[in-house]
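Structure assessment
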Amino acid sequence: MNLRSIVPWLAGSLLMAGALGGAVADESDAPQRDYQVPLPEAPAGEATFQPPAEADIPDTPYGDMVRLGRDLFLDTQRLRDEYVFNDQNCSNCHLDAGRLANSAPMWASVGMYPAYRGKNDKVNTMAERIQGCFTYSMNGIPPEYGSEPLVALQTYFHWLATGAPINESLPGRGYPGLEEPAQAPDRGRGAELFAERCAICHGDGGQGQTVGERQVFPPLWGDGAYNWGAGMHRVNTAANFIKANMPLGQPYSLSDQQAWDLAAFINGHERPQDPRRRTLKSVDETDRIFHQHMGYYGDTVDGHRLGDHDDYGENPGAE
Ligand code: HEC
Ligand code: HEC
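Residues numbered from 1 in each chain as written. Chains lettered and ligands numbered in written order. Predicted model: local features only at pLDDT ≥ 70, side-chain atom pairs only at ≥ 80, totals over all residues.

Side note on the overall build of the chain
Put simply, the rule is: The helix count covers DSSP runs of H or I at least four residues long, the strand count covers runs of E at least two residues long, and both are numbered beginning at the N terminus. Burial is judged by counting other C-beta atoms within 10 Å of a residue's own C-beta: 20 or more means buried, 12 or fewer means exposed, and anything between counts as partly exposed, with every C-beta placed from the backbone. Here contacts are defined at the residue level, using C-beta atoms placed from the backbone and a cut-off of 7 Å between them.
Counting secondary structure elements, the chain contains eleven helices and six strands. A total of 319 residues make up the chain; the buried ones form 43% of that total. In the chain, of all internal contacts separated by at least 6 residues, the share reaching a separation of at least 24 is 71%.

Considering the site of ligand 2
Operational definition: A residue counts as near a molecule or strand when its C-beta atom, positioned from the backbone, falls within 6 Å of it. For the domain bounds, the source is a domain assignment made automatically or taken from a database.
Close contacts around ligand 2 come from 24 residues, with Asn 92, Cys 198, Cys 201, Pro 218 and Pro 247 the closest. Elements with a minimum of two residues in the shell around ligand 2: helix H8 (199-202), helix H9 (235-245) and helix H10 (256-267). Of the residues that make up the shell around ligand 2, three or more belong to each of domain 1 (1-30 + 175-319) and domain 2 (31-39 + 49-174).

Quick notes on the site of ligand 1
Spelled out, the test is: Three classes are used: nonpolar for Ala, Val, Leu, Ile, Met, Phe, Trp, Tyr, Cys and Pro, charged for Asp, Glu, Lys and Arg, and polar for all others, with Gly counted as polar.
The immediate surroundings of ligand 1 are formed by 27 residues, with Cys 90, Cys 93, Ser 109, Cys 133 and Gly 231 found nearest. Contributing elements (two or more residues each) for the shell around ligand 1: helix H4 (106-109) and helix H5 (126-135). The element contributing the most residues to the shell around ligand 1 is H5, with four residues. Residues of the shell around ligand 1, tallied by class, amount to 16 nonpolar, nine polar and two charged. Here the shell around ligand 1 spans two domains, and each of domain 1 (1-30 + 175-319) and domain 2 (31-39 + 49-174) adds at least three residues to it.

Remarks on the environment of Leu 79
Here Leu 79 is to be found in the loop between helix H2 (61-74) and helix H3 (95-98). Leu 79 has contacts with Leu 72, Val 84 and Pro 149, leaving out every residue within four places of it along the chain.

Focus: H2
The criterion, for reference: To estimate how far a helix should reach, multiply one less than its number of residues by 1.5 Å. In this context, the arc is that of the directions from the helix axis out to the C-beta atoms.
With 14 residues, H2 extends 20 Å between its outermost C-alpha atoms, agreeing within 8% with the 20 Å of an ideal straight helix rising 1.5 Å per residue. Turning to H2, its buried residues are Met 65, Val 66, Gly 69, Arg 70, Leu 72 and Phe 73. Looking down the long axis of H2, one finds its buried residues gathered within 165° of arc, a one-sided arrangement. For H2, the secondary structure elements touched by its buried residues are H3 and helix H6 (148-160).

Quick look at the packing of helix H7 (residues 187-197) against H10
Just so we agree on the cut-off: Between N-to-C directions, angles cover 0 to 180 degrees, with each direction set by a line fitted to C-alpha atoms, over the stretch in contact for helices. Relative orientations are named as follows: roughly parallel for angles under 35 degrees, roughly antiparallel for angles over 145 degrees, roughly perpendicular for angles from 65 to 115 degrees, and oblique for any other angle.
Where H7 meets H10, the closest approach of the two axes is 7 Å, and the angle between their N-to-C directions is 95°. When the interaxial angle is binned, H7 and H10 end up roughly perpendicular. Packed against H7, whose contacting residues are Arg 187, Arg 189, Gly 190, Ala 191, Leu 193 and Phe 194, the element H10 presents Gln 258, Asp 261, Leu 262, Ala 264 and Phe 265 at the interface. Split by residue class, the contact of H7 with H10 holds six nonpolar, two polar and three charged.

Describing the packing of H5 against H6
Between two packed helices, what matters for the description is the angle formed by their axes and the separation of those axes. Applicable threshold: Note on convention: near helix rotated counterclockwise from far helix by under a right angle means a left-handed crossing. Clockwise means right-handed.
Interhelical geometry of H5 versus H6 gives an angle of 110° and a closest axis separation of 10 Å. For the element pair H5 / H6, the angle class is roughly perpendicular. Crossing handedness for the pair H5 and H6: right-handed. Residue-level inspection shows Met 126, Ala 127 and Ile 130 of H5 in contact with H6, the latter providing Leu 150, Leu 153 and Gln 154. Across the contact of H5 with H6, the residue classes tally to five nonpolar, one polar and no charged.

Here it is, written out as structure tokens:
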């Protein structure tokens, strides 16, 4: 994909959306399904829904499962080397334990599944949506249906949504969409801003920071980061997230253009290979089938073709 101008990029995506259906359907060795398509835009307006307070988690076996789900969401590293193979926790991208509006909160999500998703042409359950974030955002292996982590996470999200309507998109869902930038996103401007506003926490090399064993600021690229299949690697999704959530504690302090430039800078770096590449012939094929959106996968940046490697981070693969 080319980032020089965003308009051909968008036009290309639309064209490919049609081509894609055919490409996937005709494939005898059909690639893994794409769970990481952008969420539909949430309705405008102030997020008014309030999830229940932690203190209200009941002291029952049900409550124990809610607490386990909360704990796994905040400290997903407990599942390291089994289901998680990078340095992330769910709450890195779903802030305040999945409670914060405009940070893809779980209370706004749970009532929207099962949902039909055109990209994989089937009805997806909440469990499948969670599994998608394990595969890509956590560079992991998804917990099996009925496994304790999956049940616990789902129970926690369901509890957070106590009193929320079902099948009704609520304001505050997802990350709020930005307008197209006035100027094409620029990695150079992004690099300067990153040094000024972000490196203090995420490190000069985007490597994040740990205190002892504990990761306190997540890495944004490299082996510890989300992989090339994750929603956050799309420049538009990262720009939306950044505008509403970063720098931490100063939401909406960046201009839209700054958020776009930062997203381009961050996502113009290497990260673990897209796991769907394992079942496809080449980077070109992976790019053609799964990367017709605003991302740098398969693009040459500073003389290096991004994603052209066999580095899956620490993930050993399914078998
Ligand atoms: C690196 C960032 C990142 C991490 C870590 C992450 N996610 Fe996500 N998650 C996303 C993005 C991006 C989306 C899609 C948002 C969009 O497209 O607008 C998403 C969407 C979701 C959704 C659907 C939201 C909705 O409203 O439909 C669920 C559920 C979810 N994630 C659960 C999880 C769980 C559980 C974990 C931990 C196992 C996790 N995520 C870890 C970035 C992340
Ligand atoms: C004060 C420290 C701090 C600063 C400054 C900061 N961040 Fe973060 N950032 C965090 C923390 C902490 C998280 C994880 C959120 C959580 O766990 O609550 C995070 C999460 C993220 C994520 C989620 C993706 C992932 O892989 O986990 C992105 C992207 C990000 N920050 C980008 C930025 C950008 C861009 C800037 C500069 C504009 C910035 N951050 C400035 C602390 C910071």
